[in-house]
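# Topology and contacts: notes
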Amino acid sequence: TSTFLTVSTTMFLYGITIDFDDVSRLILFTIFSLMFASAYYSISLFLSTVLNKSSHSLIASIALWAFFTIIMPIISMMITFMMLGTPSFTAFHPESDYWKKYAELNYMTQIFSINNHYGALTNPVLTKGSRQDVLDLLKLFSQYPVSIMILTLYPTLFTMLSYIAFTRREEK
């Protein structure tokens, strides 16, 4: 609700008019952001359930977030450059085959990264082309089924694991 209140206040103050495409983009962005947040929340819940001290679970949660946000992209980039080699001068053209291979390898090395899948889903939602492209939901969902599955799987899996760990602890 805070997102919608902020957007509506900004629209009113600046006199911005929006169409159905903008509203659908905002709703999708909010849904994907909630999925992203719930993925990290469920991991933190699991760590809190498994670890004995809350300070340990906080440190583990921050370390895991830092791994997904900072360390994993760096490792992925290093692996990708080691596999492809450094780009030649002609490879700096944006439509070069080198960068297509780079994007594929980078995606594959970050297949379990929550941040990578969140970015893959929100980038097409947030960027409008110069032609003012209308958001095609079927195209979005058909291009990124793995990202949607990962952002759905993490909260489901870690919430179930938290429940199992909690009930087993209570049985003892």
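Given the structure is predicted, the values throughout are model-derived calculations rather than measurements. (Residues numbered from 1 in each chain as written. Predicted model: local features only at pLDDT ≥ 70, side-chain atom pairs only at ≥ 80, totals over all residues. Heavy atoms only, no water.)

On a plain count of helices and strands, the protein chain comes out with 7 helices and 0 strands. Scanning the protein chain from its N terminus toward the C terminus, one meets helices and strands in the order α-α-α-α-α-α-α. Here the C-alpha radius of gyration of the protein chain, 20 Å, is well above what a compact globule of 172 residues would show, namely 16 Å. Across the 172 residues in the protein chain, those meeting the buried criterion constitute 29%. When contacts within the protein chain are restricted to residue pairs at least 6 apart in sequence, long-range pairs at least 24 apart make up 70% of them. Carbon and sulfur atoms make up 70% of the accessible area of the protein chain, which amounts to about 11800 Å² in all. Each charge class in the protein chain was averaged separately, 10 positive and 10 negative side chains, and the resulting centres sit 10 Å apart. (Helix = DSSP H or I, 4+ residues; strand = E, 2+ residues; numbered from the N terminus. Rg over C-alpha atoms; globule rule 2.2 N^0.38 Å. Buried < 20%, exposed > 50% of the residue type's maximum accessible area, 1.4 Å probe, protein only. Contact = heavy atoms within 4.5 Å. Areas by Shrake-Rupley, 256 points an atom, 1.4 Å probe, with all protein chains shown as cover. Lys, Arg positive; Asp, Glu negative; His and termini not counted. Charge placed at Lys NZ, Arg CZ, Asp CG, Glu CD.)

The next point concerns the pattern of salt bridges. Inspection of every chain in the model, using the stated rule, returns 1 salt bridge. Salt-bridge contacts for aspartate 97 lead to lysine 101; the nearest nitrogen and oxygen are separated by 3.5 Å. Of the two residues, aspartate 97 and lysine 101 both sit in helix H4 (residues 97–109), 4 residues apart, roughly one turn of that helix. For lysine 101, a relative accessible area of 41% translates into the label partly exposed. (Salt bridge = Lys/Arg side-chain N within 4 Å of Asp/Glu carboxyl O.)

Where helix H5 (residues 114–126) contacts helix H7 (residues 145–171), the two axes come as close as 9 Å, and the packing angle between them is 130 degrees. Classified by the angle their axes make, H5 and H7 are oblique. Relative to H7, the crossing made by H5 is left-handed. Taking contact as the criterion, the partners of Ile114, His117, Tyr118, Ala120 and Leu121 in H5 are, on H7, Val146, Ser147, Ile148, Ile150, Leu151 and Tyr154. (Axes fitted to C-alpha atoms, helices over the stretch in contact; angles between N-to-C directions. Parallel < 35°, antiparallel > 145°, perpendicular 65-115°, else oblique. Left-handed = near helix turned anticlockwise from the far one by under 90°.)

Relative to the 18 Å expected for 13 residues at 1.5 Å per residue, H5 spans 18 Å between its end C-alpha atoms, a close match to the ideal helical length. Along H5, 10 of the 13 residues are buried, which leaves the element largely enclosed by surrounding structure. Of the positions making up H5, those classed as buried are Ile114, Asn115, Asn116, His117, Tyr118, Gly119, Ala120, Leu121, Thr122 and Val125. Against the buried residues of H5 lie helix H2 (20–50), helix H3 (54–84), H4, helix H6 (137–143) and H7. (Expected span 1.5 Å × (residues − 1).)

This brings us to the environment of proline 73. By the secondary structure assignment, proline 73 is in helix H3. Taking the relative accessible area as the measure of exposure, proline 73 reaches 27% and is therefore partly exposed. In the structure, proline 73 is positioned 42 residues away from asparagine 115 in sequence and 9.5 Å away in space, judged by C-alpha atoms. Setting aside anything within four residues of it in sequence, one finds proline 73 in contact with Phe67, Phe68 and Gln110.

Evaluated as defined, the whole model comprises 8 aromatic pairs. Between phenylalanine 81 and tyrosine 102, the ring centres sit 5.4 Å apart and the planes meet at 35 degrees, which makes this aromatic pair tilted. Within this pair, whereas phenylalanine 81 is found in helix H3, its partner tyrosine 102 is found in helix H4, the two being separated by 21 residues in sequence. Their ring planes at 20 degrees and their centres at 5.8 Å tell us that tyrosine 154 and phenylalanine 158 sit as a pair that is stacked. Placement of the pair is tyrosine 154 and phenylalanine 158 together in helix H7, with a separation of 4 residues, close to one helical turn. Here tyrosine 154 and phenylalanine 158 have matching classes, each one buried. Three or more aromatic residues link up through ring pairs in this structure, and these residues are Phe36, Tyr40, Phe46, Phe67, Phe68, Tyr118, Tyr154 and Phe158. (Phe/Tyr/Trp six-rings, centres within 6.5 Å; stacked < 30°, edge-to-face > 60°.)

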